[in-house]
Amino acid sequence: MKNTKMSVEAIENGTVIDRIPAGLGLTILRQFKILHHGEAVTVGFNLPSQTRGSKDIIKISGVTFSEHDANRLALFAPEAVVNLIQDYQVAKKMHLTLPVTISEVFRCPNTNCASHFEPVRSRFYVKQQNGETKLKCHFCEKTFDRKSVAEA
Amino acid sequence: MANPLYKKHLISISELTQEELQLLLDTALALKKNPRSDLLKGKLIASCFYEPSTRTRLSFETAVLRLGGQLIGFADGGNTSAKKGETLADAARVISGYVDAIIQRHSQDGSARITAEFSSVPVINGGDGTNQHPSQTLLDLVTIYETQGSLKNLKIAMSGDLKYGRTVHSLAQALKRFGCEFMFVSPSTLAMPKYITDELDEAGCNWQISNDLQQAAEWADILYMTRVQRERFDAEEFAKIQGKFNLNAAMLKNAKPTMRVLHPLPRVDEIHPDVDKTPHAYYFEQATNGVYARMSILSLILNEEI
Ligand SMILES: [Zn+2]
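This structure is a prediction, so every number in the text was calculated from the model and none was measured. (Residues numbered from 1 in each chain as written. Chains lettered and ligands numbered in written order. Predicted model: local features only at pLDDT ≥ 70, side-chain atom pairs only at ≥ 80, totals over all residues. Heavy atoms only, no water.)

1. So, the coordination of the zinc ion
Octahedral six-donor coordination of a metal ideally yields angles of 90 or 180 degrees, compared with 109.5 degrees for tetrahedral four-donor coordination.
All names here are of chain A.
Right, on to step 1. Around the zinc ion, the protein contributes the donor atoms Cys-108 (SG), Cys-113 (SG), Cys-137 (SG) and Cys-140 (SG), at 2.3 to 2.4 Å from the metal centre.
Right, on to step 2. Of note is the zinc ion, whose four donor atoms meet at the metal with angles of 105 to 113 degrees in an arrangement that counts as tetrahedral.
Right, on to step 3. Sequence positions of the residues that donate to the zinc ion give the spacing C-x4-C-x23-C-x2-C. Of this pair, Cys-113 sits in the loop between strand S6 (101–103) and strand S7 (123–129) while Cys-137 sits in strand S8 (residues 132–137), placing them 24 residues apart in sequence. Taken individually, Cys-113 and Cys-137 each receive the classification buried, so the pair is uniform in this respect. (Donors = N, O, S within 2.8 Å, 3.2 Å for Na, K, Ca; no water. Tetrahedral: all angles 85-135°; square planar, octahedral: opposite > 155°, others 65-115°. Helix = DSSP H or I, 4+ residues; strand = E, 2+ residues; numbered from the N terminus. Buried < 20%, exposed > 50% of the residue type's maximum accessible area, 1.4 Å probe, protein only.)

2. Examining the nonpolar core
Right, on to step 1. Counting 57 residues, the largest nonpolar core has Leu-138, Met-158, Leu-175 and Phe-182 of chain B as the members making the most contacts within it.
Right, on to step 2. Look past the residues within four positions of Leu-175 of chain B in its chain and what remains in contact with it is Leu-141, Ile-144, Leu-151, Ile-156, Cys-180 and Phe-182 of chain B. (Core = buried A, V, L, I, M, F, W, Y, C linked by side-chain atoms within 4.5 Å. Contact = heavy atoms within 4.5 Å.)

3. Notes on the pattern of salt bridges
Residues and elements named next belong to chain B.
Right, on to step 1. What the rule picks out here adds up to 16 salt bridges over all chains.
Right, on to step 2. Ionic pairing is found between Lys-8 and Glu-20, a salt bridge with its closest N-O pair at 2.7 Å. Remark: Glu-20 occurs in helix H1 (residues 18–33) and Lys-8 occurs in the segment before H1; sequence separation between them is twelve residues.
Right, on to step 3. Note that Arg-267 and Asp-276 form a salt bridge whose closest N and O atoms lie 2.7 Å from each other.
Right, on to step 4. For Asp-276, a relative accessible area of 29% puts it in the partly exposed group. (Salt bridge = Lys/Arg side-chain N within 4 Å of Asp/Glu carboxyl O.)

4. Section: helix H4 (residues 111–118) of chain B
All names here are of chain B.
Right, on to step 1. For H4, the tally of buried residues reaches seven of eight residues, placing the bulk of the element in the interior.
Right, on to step 2. Along H4, the residues classified as buried are Ser-111, Ala-112, Arg-113, Ile-114, Thr-115, Ala-116 and Phe-118.
Right, on to step 3. In this structure, the buried residues of H4 make contact with helix H3 (88–95), strand S3 (101–106) and strand S4 (123–128).

5. Quick look at the environment of Tyr-164 of chain B
All names here are of chain B.
Right, on to step 1. Checked against the element boundaries, Tyr-164 lands in the loop between strand S5 (155–159) and helix H6 (166–175).
Right, on to step 2. Considered as a pair, Tyr-164 and Lys-240 are 76 residues apart in the sequence and their alpha carbons are 20 Å apart.
Right, on to step 3. Dropping the residues within four chain positions of it, Tyr-164 is found in contact with His-169, Leu-190 and Arg-232.
Right, on to step 4. Reaching out from Tyr-164, the side chain makes a polar contact with the side chain of Lys-163 at a distance of 3.5 Å. (Polar contact = N/O pair within 3.5 Å; in protein donor to acceptor, adjacent residues only side chain to side chain.)

6. As for the sheet that holds S8 of chain A
Residues and elements named next belong to chain A.
Right, on to step 1. Pairing in this open sheet of four strands is antiparallel, and the strands run S6-S7-S8-S9 from one edge to the other. Either end of the sheet is taken by a strand with one partner, and the two such strands are S6 and strand S9 (143–145). Each adjacent strand pair in this sheet contributes to an overall mean axis angle of 35 degrees, direction not counted.
Right, on to step 2. The pairing of S6 with S7 spans three bridges and is classified as antiparallel. The partner of Ile-102 across the bridge, within S7, is Phe-124. (Pairing = 2+ DSSP bridges. Axes fitted to C-alpha atoms, helices over the stretch in contact; angles between N-to-C directions.)

7. Observations regarding the sheet that holds strand S1 (residues 44–49) of chain B
Residues and elements named next belong to chain B.
Right, on to step 1. One open sheet accounts for four strands, arranged S2-S1-S3-S4; its pairing is parallel. Two strands bound the open sheet, and with one partner strand each, they are strand S2 (70–74) and S4. Geometrically, the sheet is characterised by an average inter-axis angle of 15 degrees between neighbouring strands, direction not taken into account.
Right, on to step 2. Of the strands in this sheet, S3 and S4 touch H4, which is tilted by about 160 degrees from S4.

8. Structural notes on the pairing of S4 of chain B
In the case of a regular strand, side chains alternate between the two sheet surfaces.
Residue and element names in this part refer to chain B.
Right, on to step 1. Burial analysis of S4 places six of its six residues in the buried class, the great majority of the element.
Right, on to step 2. Here four bridges tie S3 to S4, and the two strands are oriented parallel to one another. Note that in S4 the partner of Ile-103 across the bridge is Ile-124.
Right, on to step 3. Crossover handedness for the path S3 to H4 to S4: right-handed. (Right-handed = clockwise from strand over helix to strand, strands pointing away.)

Written out as structure tokens, the structure reads:
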């Protein structure tokens, strides 16, 4: 048996977002409002990673991500892996694929977009353009790169 | 069989199928040839202009009345409950209970789509902020189709303010579906935005930049002129570009006989009045086509068959 010491406390039941590129952990916490969910959230930054030098990790107790929830993370960290934990064991491992649309999570960066003033949920179409992931607002039809959406 | 536009919203040209677009063009030209005053008989249309736009409004309202329909509405949002903070969503639910269709102009991008999502009747976008103005694009397409007999593989030159001109953006986006080729003539600070040229690349359409308006006029099937606003430049800069993007009749002597000059109007000095007398001038006819384009939209959306 390998003698590994956990840098972040193990959880009994919940979701672990692993292999987040170092530095993106905070963005994901903020964008997906993860602090609003779950019983306890533990986070590790700049942990050693076997494959990429360092990584961030987020553990959320008492919350089970659906495939849909997991895939929304692909916008920021397509290389992340979402593990569902039951009884301290990995019950399911989900690799991410980009969703076709994404709702609610982000505000449209266009300050003149009517979605800001009306009783509607934000809605974006995810598309690839010149090898980059872009988001097109359903309402104002403007296209944004993911960074400007994340910062809006 | 119902026509494919019956009871549909018209928010953005890009959502129309090729078949729907063709139907709109054919219907506009058919109505121009054989006017009909019965297609909106018994229909009540709301013309909701939250921001003033006299030409667009008059053109839409003329189209409704020429087709035998009736109108309610407002020409300026300043006096409406929007000022008191009512959402477009609520206004849509109320107004759509009164009428058969809503024409809406509003300063916010995406406002037409919001109204459409809450309206029980078709919504026609009369311009939403800097986003879409589909009836304007349609009248340009009708005019190009009318003068060239096709929209396919045309050479389209666009001149003037290509950076802020919503008209030229929408037109380029619509024409990229027909394999057209483009030449852009503008001051370098007012060049066509990259997101548009990226879309043309993606669609496989050739485009080039030129700073010679006469050369563009000789190359083109359609020369689409827009106005360069003096306010966009300081005096010294303006002196450098002044006149470079103005067209006169002498510059057209080697143009193709079928070449037509278009302009969304109003013009200032970018088209010299001596162009008006040449066979290339078509901008006033283009403005007239605005009414037929809007008649086409209204009659297809409100009639199962026409
Ligand atoms: Zn938007």
